[in-house]
Amino acid sequence: MEDWTLPGAIDEEAASAFGATAMRTDARKVSWTGLDFFHKLDPALVRIPALVIYGEHDGYTRREVQEGLFRRLGSEAKALERLAGADHPAHLYPQARRRWLAAVR
């Protein structure tokens, strides 16, 4: 349940249902400690439409990192979306889901 870092952002039933479904689909727990390979990627090579989206209270990344990624993207068709009041799994939060869906459409 450590993915849900904003108290009250998602109810226990929804968080448990998500966790149970995720474990049925792929029971491996990902370790996000060794992400050096991401730093080897060159965002300037991205030439297709791109969306960088993150939650205001995302515990996995910082605003500066997302804005830097956005600036370095090679695509002219790109958008940066910060979801106010949301955490990392913003697409699962009832109060942020509409904003998330609007951004990805």
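See the structure printed just above.
Because the structure is predicted, anything quoted here is derived from the model rather than measured.

S.K.: Sorry if this is basic, but what is going on with the pairing of strand S2 (residues 78-83) here?
M.R.: When strand S1 (residues 50-55) meets S2, the two strands line up parallel, connected through six bridges. Counted as the bridge partner of Val52 is Leu80 from S2. Where the polypeptide runs from S1 across helix H2 (residues 63-72) and back to S2, its parallel neighbour, the crossover connection is right-handed.

S.K.: How should I be thinking about the pattern of salt bridges in this particular structure?
M.R.: A side chain of one charge can pair with a side chain of the opposite charge when the charged atoms of the two come close. Scanning the entire structure with this criterion turns up four salt bridges. Between Glu64 and Arg63 there is a salt bridge, and its shortest N-O distance comes to 3.0 Å. The shortest N-O distance in the salt bridge between Glu67 and Arg63 comes to 3.1 Å. Of this pair, Glu67 and Arg63 both sit in helix H2, four residues apart, which is roughly one turn of the helix.

What counts, and at which threshold
- Residues numbered from 1 in each chain as written.
- Predicted model: local features only at pLDDT ≥ 70, side-chain atom pairs only at ≥ 80, totals over all residues.
- Heavy atoms only, no water.
- Pairing = 2+ DSSP bridges.
- Helix = DSSP H or I, 4+ residues; strand = E, 2+ residues; numbered from the N terminus.
- Right-handed = clockwise from strand over helix to strand, strands pointing away.
- Salt bridge = Lys/Arg side-chain N within 4 Å of Asp/Glu carboxyl O.

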